[in-house]
Amino acid sequence: MKNQKKINGHLKFNFQLIKQFMTDSFQIMPNKICLCSNLNEDLNLEIWEKVELIIFLEFTYKVKFPDDATSRYQSIFELIAFIIFDSYYFKIPPFSEKN
């Protein structure tokens, strides 16, 4: 799993990797990129740039974003939260009520 590291079975994020990708791919100044950065308002990403970012995240973290991800997720934090929750979704046992 290139770029995806787990510690004690937990996914470890490398925010610097995401930041470097955005700096290299979209020529955004690194000091403008933070977890709370809004993809539209703060970073001025075009739709194709959002698609490229999502493809990078899917490849790097082995997840599949929904088809409407470019309009659903507005910040870097939201994208990362999706990846974290997606990686644990199948590990959480279903709730069952006992009669």
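Above this text is the structure in question.
Structural notes, computed from the coordinates. Please read these numbers as outputs of a predicted model, since none were measured by experiment.

### Digging into the overall build of the chain
Next up, step 1: From N to C terminus, the chain includes 4 helices and 2 strands.
Next up, step 2: Ordered by position in the sequence, the α and β elements of the chain form the string β-β-α-α-α-α.
Next up, step 3: Taken across its 99 residues, the chain has 36% of its residues classed as buried.

### Looking at unusual backbone geometry
Next up, step 1: A positive phi angle, near 50°, is found at Q27, a position not held by glycine.
Next up, step 2: Within the secondary structure, Q27 is located in the loop between α1 (15-26) and α2 (47-61).
Next up, step 3: Taking relative accessible area as the criterion, Q27 reaches 63% and is therefore assigned exposed.
Next up, step 4: Positioned with a positive phi, N44 is a non-glycine residue whose angle comes to about 55°.

### Quick word on the side chain of T60
Next up, step 1: Along the chain, T60 falls in helix α2.
Next up, step 2: A polar atom in the side chain of T60 sits 2.8 Å from the backbone oxygen of F56.

### Remarks on the state of the cysteines
Next up, step 1: The final tally for this structure, using the stated rule, is 0 disulfides.
Next up, step 2: Looking at the unpaired C34, the closest cysteine sulfur is the one in C36, lying at 3.1 Å.
Next up, step 3: Classification of C34 as partly exposed rests on a relative accessible area of 31%.

### Brief notes about α2
Next up, step 1: When the terminal C-alpha atoms of α2 are compared, their 21 Å separation across 15 residues agrees well with the 21 Å that a helix rising 1.5 Å per residue should span.
Next up, step 2: Those residues of α2 that fall on the buried side of the exposure criterion are E49, K50, L53, I54, F56, L57, E58, T60 and Y61.
Next up, step 3: Downstream of α2 by a residue or two, K62 has a phi angle that is positive, lying close to 55°.

Conventions used here
Residues numbered from 1 in each chain as written. Predicted model: local features only at pLDDT ≥ 70, side-chain atom pairs only at ≥ 80, totals over all residues. Heavy atoms only, no water. Helix = DSSP H or I, 4+ residues; strand = E, 2+ residues; numbered from the N terminus. Buried < 20%, exposed > 50% of the residue type's maximum accessible area, 1.4 Å probe, protein only. Polar contact = N/O pair within 3.5 Å; in protein donor to acceptor, adjacent residues only side chain to side chain. Disulfide = S-S within 2.5 Å. Expected span 1.5 Å × (residues − 1).

Note that all results are geometric; they support no functional claim without further evidence.
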